[in-house]
Amino acid sequence: MAQTRSTCPYCGVGCGVLIEHDGAQITGVAGDPDHPANFGRLCTKGSTLHLTASASVTRQTRLLQPLLRAERGKPATPVTWNTALDLAAERLSTIHQQHGADAIGVYISGQLLTEDYYVFNKLVKGLLGSNHVDTNSRLCMSSAVAGYKATLGADAPPCSYEDLALADTVFIAGSNMAWAHPILFRRLEDGKRAKPEQKWIVADPRRTETAAMADLHLPLLPGSDVALYHGLLHLMLWEGFTQPAYIAAHTEGFDALKARVRDFTPRETARLTGLREDDLLTAARWFGDSPATLSLYCQGLNQSADGSAKNAALINLHLASGQIGKPGAGPFSLTGQPNAMGGREVGGLANLLSAHRDLANPDHRAEVARLWGVPDVPSKPGKSAVEMFQAAADGEIKALWIACTNPAQSMPDQATVRRALERAEFVILQEAFATTATAPFADLLLPATTWGEKDGTVTNSERRISRVRAAIPAAGQARHDWHIAADIARRIATRIAPGRIAMFDYATPEAVWNEHRESTRGRDLDITGLSYAMLEAQGPQQWPLPEGATQGQARLYEDGCFATASGKAKFADVPFKPLAEPRDAQYPFSLCTGRLRDQWHGMSRTGTLGRLFGHDSLPAVDLAPADMARLKLAEGDLVEVRSRRGSLVLPARGSDTVLPTQAFIAMHWGEEVLTGHDAQGRPVAGVNALTTPAYCPISKQPELKHCAVHIAKALVPWRLTAMAWLPASEALALREQMRPLLHAFSWASLLPFGREPDLGHATLPEGRVGLLLRAGAAKPMADTLAAVLRDALGLGDPGVLGYQDARRGQQRALKLHRDEAGAERLLAFWLAGDAASVGSGETWLRSLLEADQTLPGPGRLLLAPGALGQAMAGAAAVPRSPQVCTCFNVSEQQIRDALPTLPGTVDARVAQLQATLKCGSNCGSCIPTLRKLVQAVPAAVTAAPAT
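Residues numbered from 1 in each chain as written. Predicted model: local features only at pLDDT ≥ 70, side-chain atom pairs only at ≥ 80, totals over all residues. Heavy atoms only, no water.

## Looking at the packing of aromatic side chains
Next, step 1: Under the criterion given, the structure shown has 13 aromatic pairs.
Next, step 2: Between Tyr107 and Phe389, the ring centres sit 5.4 Å apart and the planes meet at 85°, which makes this aromatic pair edge-to-face. One end of the pair, Tyr107, is in strand S6 (residues 104–108); the other, Phe389, is in helix H19 (residues 385–393), with 282 residues separating them in the sequence. When sorted by exposure, Tyr107 lands in the same class as Phe389, which is buried.
Next, step 3: Look at Trp513 and Tyr532: their rings are 5.5 Å apart centre to centre, the planes differ by 50°, and that puts the pair in the tilted class. Taken as a pair, Trp513 in helix H23 (residues 509–519) and Tyr532 in helix H24 (residues 532–538) lie far apart in primary sequence, 19 residues in all.
Next, step 4: Under the relative-accessibility criterion, Tyr532 is labelled buried at 6%.
Next, step 5: By the ring-pair criterion, three or more aromatic residues cluster together here, those being Phe171, Tyr229 and Phe287.
Next, step 6: Over the ring of Phe664 we find Arg206; its NZ or CZ atom is 3.6 Å from the centre of that ring. (Phe/Tyr/Trp six-rings, centres within 6.5 Å; stacked < 30°, edge-to-face > 60°. Helix = DSSP H or I, 4+ residues; strand = E, 2+ residues; numbered from the N terminus. Buried < 20%, exposed > 50% of the residue type's maximum accessible area, 1.4 Å probe, protein only. Lys NZ or Arg CZ within 6 Å of the ring centre and 35° of its normal.)

## Digging into the packing of helix H10 (residues 225–239) against helix H16 (residues 307–321)
Next, step 1: The N-to-C vectors of H10 and H16 enclose an angle of 15°; their axes lie 8 Å apart at closest approach. Classified by the interaxial angle, the pair formed by H10 and H16 is roughly parallel. By crossing handedness, the relation of H10 to H16 is classed as left-handed. Facing H10, whose interface residues are Asp225, Val226, Tyr229, His230, Leu232, Leu233 and Met236, H16 presents Ala309, Lys310, Ala313, Leu314, Leu317, Ala320 and Ser321. (Axes fitted to C-alpha atoms, helices over the stretch in contact; angles between N-to-C directions. Parallel < 35°, antiparallel > 145°, perpendicular 65-115°, else oblique. Left-handed = near helix turned anticlockwise from the far one by under 90°. Contact = heavy atoms within 4.5 Å.)

## Side note on the pairing of strand S18 (residues 444–447)
Next, step 1: Both faces of S18 are covered, namely the face carrying Leu444 and Leu446 and the face carrying Leu445 and Pro447.
Next, step 2: With two bridges connecting them, strand S4 (residues 67–68) and S18 associate as antiparallel partners. From the neighbouring strand, Leu67 faces S18, where its bridge partner is Leu445.
Next, step 3: The sheet contact formed by strand S17 (residues 426–431) and S18 spans four bridges and is parallel. Paired with Leu429 across the strands is Leu445, a residue of S18. (Pairing = 2+ DSSP bridges.)

## Description of the sheet that holds strand S3 (residues 26–31)
Remark on secondary structure: sheet strands pair via backbone hydrogen bonds, oriented parallel or antiparallel.
Next, step 1: One open sheet holds the three strands; their spatial order is S1-S2-S3, and the pairing between them is antiparallel. One side of each edge strand has no neighbouring strand; the edge strands of this open sheet are strand S1 (2–7) and S3. If you compare each strand with its neighbour and ignore which way they point, the axes differ by 30° on average.
Next, step 2: As judged from the six bridges shared by S1 and strand S2 (residues 16–21), these two strands associate in the antiparallel manner. Directly across from Gln3, in S2, lies its bridge partner Glu20.

## Regarding the sheet that holds strand S20 (residues 464–468)
Next, step 1: One open sheet accounts for three strands, arranged S19-S20-S21; its pairing is antiparallel. Each having just a single partner strand, strand S19 (456–459) and strand S21 (541–542) make up the two edges of the open sheet.

## Description of the environment of Glu730
Next, step 1: Checked against the element boundaries, Glu730 lands in the loop between strand S30 (718–727) and helix H26 (731–738).
Next, step 2: For Glu730, a relative accessible area of 41% translates into the label partly exposed.
Next, step 3: As a C-alpha pair, Glu730 and Ala270 span 460 residues in sequence and 56 Å in three-dimensional space.

## Let's talk about helix H31 (residues 906–916)
Next, step 1: For H31, the complete set of buried residues consists of Arg909, Val910 and Leu913. The buried residues of H31 occupy an angular sector of 105° when projected down its axis, which confines them to one face.
Next, step 2: Where the residues of H31 are buried, they touch helix H30 (892–898) and helix H32 (927–936).
Next, step 3: Once H31 finishes, Lys918 follows within two positions and takes phi at roughly 75°, a positive value. (Arc of directions from axis to C-beta.)

## Considering helix H28 (residues 835–851)
Next, step 1: Over its 17 residues, H28 runs 24 Å from end to end, which matches the ideal 24 Å to within 8%, given 1.5 Å per residue.
Next, step 2: The principal kink in H28, of about 30°, is found at Glu842.
Next, step 3: Among the residues of H28, Ser837, Val838, Gly841, Glu842, Trp844, Leu845, Arg846, Ser847, Leu848 and Leu849 are the ones counted as buried.
Next, step 4: Backbone nitrogen of Ala836 and a side-chain oxygen of the N-cap are separated by 3.3 Å at the start of H28; the cap is Asp834.
Next, step 5: Residue Asp852 follows H28 closely and has a positive phi angle near 55°. (Expected span 1.5 Å × (residues − 1). Bend = angle between axes of the 7 residues up to and from the residue. Polar contact = N/O pair within 3.5 Å; in protein donor to acceptor, adjacent residues only side chain to side chain.)

Shown next, in the form of structure tokens:
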């Protein structure tokens, strides 16, 4: 077996990975112990990358050849690469000539490599003559960009990961680090163990895993961040926690801000934020009076109609207290995607140019024009993501080219997004996976390489550039994104600008990167001293690393000189504004969105693995117990969640993580896994059918984190639950075949379950994958639809046992496997009927099926209604307990059973759990939950020695 060093394709932590392979197939993955981001650690997502790249998953889910859809709504059929590239160039050139450059919109991704990003940017701005190229980083990091530029002068996070251990106070805002950036959270935990006096403050409306571990949790009202920061600055001024000498020497604009925060008294700030005055004072003291304060923040600040102000107001606190440019201190924006930083470096946003240049600056445009060898680059600002899809929905943009992103899942206000995709005359989707919600809207589908096949670079949150290396050849006919873009660019140039064909003559990704490197000369992110050779020899490097330097700069602004014209940082005098869509009498709940621990974005990759649904397999809305009682909801009752833009039906779940009048739905639940139809019969588009397109006027980042909703019990009396073990080579393909049929229901979810065997260690010849289907409707489904779904799940096979009560509208079916000794196991079941009977039956039949154990008696008894069937199941089934540890499949009940015998401190008991059950001993993602359980279950009492 061979081993190839590369980088994880998930979040912006940028963990190094070692890919194990045989030259043709990836067989394993491990953390790279030499990578300075993770030192060998990987989270649950990273540690299962090899399973998502298995031959079985690739065959069933990947886009493996160019496809053309001759007519909308019809199946796409294979075409050759030359046909596909010529067609793309011809259609785009025709639209360019007939309607102008601004009739084309290109929407790309923070998951592209820097080299891919650079070619796309050059294609649109240098060849087409438009700035209509934007990235899904607009949904992720654009407010962080705006906040840094408004205060520090450049989009340059000033800190390094080593500051996590050096800080005395850590202020975490709008981030559930324990789940969203778990490897960084492990490093933070390490720092706290080594430095127990380190204080953690977490500002978050929800009591997340991160907030539960804080020394001080500030459960502020959604959207009140600016009021909180102004209130903290008011207290810091009043209590003497600012640094007047630093303010005078290194900043400007403080007087205006000081006047603004005068009105944010503790009483007023408490009113605006919902926080206690005493907690505000404690937070101000810990932040300002600490030797070193580090802020860590992410989408809770960014995804807001006031996101730029939130970012800038937090940075104000660092400038006022001198908490910047020194070890353990500074405002540190945590990047959401693996290469959002790289995209920002090459100017991937519609308002930027290469190397952090501004589109509005004529000198910057001239510099880029000279580098590219074009007369000029356009000065008219391009359409940002929300604006681009609105323009396509309005008919202004005629063609959409989408690469490595899934707007039909991730964009807000899905009704508008889908109208845009339907109205556009030509839609190209350049993608690795054929299973995304966007794929059915594409006229032309171009297969792209993905992790394990790609070659280039990415930049992580701490400005560290790492190599991404190919371990195996591209799957099928997939090609690199930069190569596809360059091929189409040359063909377009032949038609509209023959003199520019040579602009895209790149032989390798290194050639692209070298051109990007030259664009950074003299800029704040200068990497002219860096090369592929240095990255190979010395490993990942931080920028800036100018020509002549031997290593990058770990920490910025240590000399107090900032990237502004005056060299001084600027305080941002920003007003506090209310939410874009506050709750009201008609929509009385604040809906917040966020991440799950084991899933990534739209789940095109992570959603292929049943084990990654073990921690949370229920697309649900979390409500405070008081709201559950007020609405007369039992656990699992279906509710309709409705906003001004759309609605969806899903189960309600009581949770102590949310406060009354608040609700939470995970951002991952798109149409791929959560579907159905609304009252008008239109397909439901997942959670983003609800979210608002309102965006920050400066960053153009939409307020994905919050919208106002109405929640009421759904009138869905008929239910269906079906589960089946299926061959691994068929299950994911069957899921894709079943998905369109689920629009017939008011509510439906379809997820994999189970634990795929590690490659090379399958207990069965090809392994098994489970599928779990839940659905609901106002009346029973048609027999024809039922037959199709049952056949797909293997429940239409001969020998399947069935029971039907036509009077009560109940259906049951079981598929059993009998071994040579006559013992039976449950392979699949089907329950349909009223909600009460289906719900109770699901509990014990699911336990039996997932346990995969021999039944204690004849399987046919499970068909018996009422007590007999439940007694039969109860003899073998243990009620399903929530999974805590994904790596070793350890449940909450197993941990609770073990804890009473474990003595010692919290840390000692966690260590004993790791040693005995192995939970928390691999990736560590479950350690926050382990600590919470340890604190909830009393320790064993050790008897005192006899005297």
